[in-house]
Amino acid sequence: MSEAPTLSRLDNRRADFPGLVTATGTPWYYLDSAATAQKPQAVIDAVTRAIGVDYATVHRGVYGRSAEMTLGYEAARRRVAAFVGGREEEIVFTRGATEAINLVAYSYPGTVGHGRRVLLSQLEHHSNIVPWQLAGWEVDVCPLTEDGRIDLDAAEAMLTRDHAMVSFAHVSNVLGSVLDARRAADLAHAVGAKLLLDGCQSVARMPVDVAALDCDFYAFSGHKLYGPTGIGALWGRADLLDAMPPWQGGGAMIAAVGFDRSTYAPAPQRFEAGTPAIVEAIGLAAACDYVGKAGLEAIHAHEARLVKSTREALGAMNDVTLFGPEDSAGIVSFAIHGVHPHDLGTILDEEDVAIRAGHHCAQPLMAHLGVTATARASFGIYSDMDDVAALIRGIERTKRIFG
Ligand SMILES: Cc1ncc(COP(=O)(O)O)c(C=O)c1O
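Residues numbered from 1 in each chain as written. Predicted model: local features only at pLDDT ≥ 70, side-chain atom pairs only at ≥ 80, totals over all residues.

If you check an unreviewed UniProt entry, the protein chain appears there as Cysteine desulfurase from Aurantiacibacter arachoides. In its Sequence similarities (unreviewed entry) section, the UniProt entry covering the protein chain states "Belongs to the class-V pyridoxal-phosphate-dependent aminotransferase family. Csd subfamily." Per UniProt, the comment on the protein chain under Cofactor (unreviewed entry) is "pyridoxal 5'-phosphate". (UniProt positions renumbered as here; feature names shortened; annotations may be inferred.)

Student: How should the nonpolar core be read in this particular structure?
Tutor: By size, the foremost hydrophobic cluster in this structure holds 117 residues, and its most contacted members are Ala-184, Ala-281 and Ile-282. Broken down by element, this core gets its largest block of residues, 11 residues, from helix α9 (residues 278-294). For this core, the domains that each give at least three residues are domain 1 (7-30 + 295-401) and domain 2 (44-293). Among all residues touching Ile-282, those that are not within four sequence positions of it are Ala-46, Ala-50, Gly-72, Tyr-73 and Ala-76. (Core = buried A, V, L, I, M, F, W, Y, C linked by C-beta atoms within 7 Å. Buried ≥ 20, exposed ≤ 12 C-beta atoms within 10 Å, placed from the backbone. Helix = DSSP H or I, 4+ residues; strand = E, 2+ residues; numbered from the N terminus. Domains from an automatic or database assignment. Contact = placed C-beta atoms within 7 Å.)

Student: Looking at this structure, I do not really get the site of the ligand. What am I missing?
Tutor: Around the ligand sit 13 residues in total, of which Gly-96, Thr-98, Asn-173, Cys-200 and Ser-221 are the nearest. Among the residues forming the shell around the ligand, the class breakdown is four nonpolar, eight polar and one charged. (Near = placed C-beta within 6 Å. Nonpolar A, V, L, I, M, F, W, Y, C, P; charged D, E, K, R; others polar.)

Student: How should I be thinking about the environment of Glu-396 in this particular structure?
Tutor: Looking at the secondary structure, you find Glu-396 in helix α13 (residues 385-401). Using a count of 12 C-beta atoms within 10 Å as the deciding quantity, one classes Glu-396 as exposed. A C-alpha to C-alpha distance of 8.9 Å links Glu-396 and Met-317, two positions 79 residues apart in sequence.

Student: Even after reading the chapter, I still don't get helix α1 (residues 41-51), so can you show me in this structure?
Tutor: Because the α-helix completes a turn every 3.6 residues, residues three or four places apart line up on one side. Among the residues of α1, Val-43, Ala-46, Val-47 and Ala-50 are the ones counted as buried. All buried residues of α1 lie within an arc of 95° about the axis, which places them on one face of the element. For α1, the elements touching its buried residues are α9. (Arc of directions from axis to C-beta.)

Student: How do you make sense of the domain arrangement of the protein chain when you look at a structure like this?
Tutor: The extent of an interface is frequently quoted as the accessible surface area lost upon association of the parts. Under the domain assignment, the protein chain is made up of domain 1 (7-30 + 295-401) and domain 2 (44-293). Each of domain 1 and domain 2 has a C-alpha centre, and the two are 28 Å apart. Listed as interface residues are 23 residues of domain 1 and, on the opposing side, 21 residues of domain 2. For the side of domain 1 that touches domain 2, the element with the most residues is helix α10 (residues 296-315), which contributes six residues. Residue composition of the side of domain 1 that touches domain 2, by class: 12 nonpolar, eight polar and three charged.

Student: What is the right way to read the sheet that holds strand β4 (residues 138-142) from this model?
Tutor: Remark on secondary structure: sheet strands pair via backbone hydrogen bonds, oriented parallel or antiparallel. Strand order across the open sheet formed by seven strands is β2-β8-β7-β6-β5-β3-β4, with mixed pairing between neighbours. Strands with a single pairing partner mark the edges of an open sheet, and in this sheet they are β2 (91-94) and β4. Strand-to-strand twist in this sheet, taken as the mean axis angle between neighbours without regard to direction, amounts to 20°. Bridge count for strand β5 (residues 163-169) against strand β6 (residues 194-198) is five bridges, and the pairing is parallel. What sits directly across from Val-166, in β6, is Leu-195. Packed on one face of the sheet, helix α3 (residues 97-107) meets β2, β6, β7 (217-221) and β8 (232-236) and runs near 35° to β8. (Pairing = 2+ DSSP bridges. Axes fitted to C-alpha atoms, helices over the stretch in contact; angles between N-to-C directions.)

Student: Explain the packing of helix α2 (residues 64-83) against α9 here, please?
Tutor: When two helices pack together, you describe them by how their axes are tilted relative to each other and by the distance separating the axes. At their nearest, the axes of α2 and α9 sit 8 Å apart, and the two run at 40° to each other. Viewed along their axes, α2 and α9 adopt a mutual orientation that is oblique. The crossing of α2 and α9 is left-handed. Where α2 approaches α9, its residues Met-69, Gly-72, Tyr-73, Ala-75, Ala-76, Arg-79, Val-80 and Phe-83 are matched on the opposing element by Ile-278, Ala-281, Ile-282, Leu-284, Ala-285, Cys-288 and Gly-292. Among the residues making up the contact of α2 with α9, the classes are represented as 12 nonpolar, two polar and one charged. (Parallel < 35°, antiparallel > 145°, perpendicular 65-115°, else oblique. Left-handed = near helix turned anticlockwise from the far one by under 90°.)

Student: Looking at this model, I keep getting lost on the environment of Ala-277. Mind explaining?
Tutor: Within the secondary structure, Ala-277 is located in the loop between β10 (262-264) and α9. Looking at Ala-277, the number of C-beta atoms within 10 Å reads 23, which means it is buried. Distance from Ala-277 to Glu-156, taken between C-alpha atoms, is 40 Å for residues 121 residues apart in sequence. Dropping the residues within four chain positions of it, Ala-277 is found in contact with Phe-93, Gly-230 and Ile-231.

Student: Can you help me understand the packing of α1 against α9 in this one?
Tutor: Contact geometry for α1 and α9: axes closest at 8 Å, N-to-C directions at 155°. In this view, α1 runs roughly antiparallel relative to α9, as classed from their interaxial angle. For α1 against α9, the interelement crossing comes out right-handed. From α1, Ala-42, Val-43, Ala-46, Val-47, Ala-50 and Ile-51 reach across to α9, where they touch Ile-278, Val-279, Ile-282, Gly-283, Ala-286, Ala-287 and Tyr-290. When its residues are assigned to classes, the contact of α1 with α9 shows 12 nonpolar, one polar and no charged.

Student: Looking at this structure, I do not really get the pairing of β8. What am I missing?
Tutor: Sheet faces and side chains relate simply in a regular strand, where the side chains alternate between the two faces. By the criterion of burial, β8 is predominantly enclosed, with five of the five residues buried. With burial as the criterion, each face of β8 is covered, one bearing Gly-232, Leu-234 and Gly-236 and the other bearing Ala-233 and Trp-235. In the sheet, β2 pairs with β8 via four bridges, with the strands oriented antiparallel. Looking at the pairing, Val-92 lines up with Leu-234 of β8. The pairing of β7 with β8 spans five bridges and is antiparallel. Among the inter-strand pairings, Ser-221 is bridged to a residue of β8, identified as Gly-232.

Listed below in structure tokens is the structure:
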């Protein structure tokens, strides 16, 4: 990662995001970007065009508008592929990370001689736990280090040739801890397993190059990358996708259909049954353009500075517990003794500060931390020191209220 640029390089982005004001036009201090990111006007415009003057279906129409839309949809696939360093035939559009992980859990065949056994970690989002359970995998759980990272020494000791898959969050949605993905890939590959990275929290926070990471699958959601909801992607190594059977059946994923037997299109179409999320895919490509122009290294450094300031301010307060490592990516989870995170969230809302309070869809991690909920502030490209100041002001007020 290159030297952190000054904050000013990405400051003053708020004007690009119409959602960042309250109903009365005052600033809304939005600190819930890990749940979903606000949308830049460029994405809103792209979606408006695609669902308005450009709108038609894809892949089937013989008329010009449909052919144009097909070009736009496939260009979106190329844009998303380039964004994560992959090739277009390696991108399956899905509804989001959840569907992408389900796809792998249901379709990935354990390689010959391997069972359907997956190694997850204690910090995974429910989306990276439940699909494996539902699809009938045997699940092992890698513990965490003291400071809240996936313990790769433990993973090394646990992995056996029975494991067909290792599936880890690239960045934890609660702790912000960043996985050493390259080492995780080496460990998985050493026993003949594949590595799936849940990239939901990394894709918008740091440069991602699937080839350099040496992972086998990378799953993410568009709405956390400043794009629309209802769209996301699974990047998968072409040879693996090619060998995987379809997961859902329907139109658009077939080669030929008969009542006795049907054959299927090659990947990625084989995994995109039904009319796809055309508008959303085009919106996601516009989001990739917006984020790509700002630069992922700059965003990473920008968020790191905000995390550092927030942790320092919280660390200087009495009765505050900080979770996760110092160098967490864009996310700060904390607890204030004697104040339930939901009460904190409600009082902050009165100050137009939006944080997340709860288990963050990571109940096994909450159990490990010995809490039922945390408060979480998470940053995005548009966040700035005013957000941090508003958060700290609101927490000080909350502490006064609770005495
Ligand atoms: C780490 C992680 N994985 C998976 C998901 C699920 O994403 P989605 O609900 O968009 O499919 C989330 C969303 O919060 C997440 O943070």
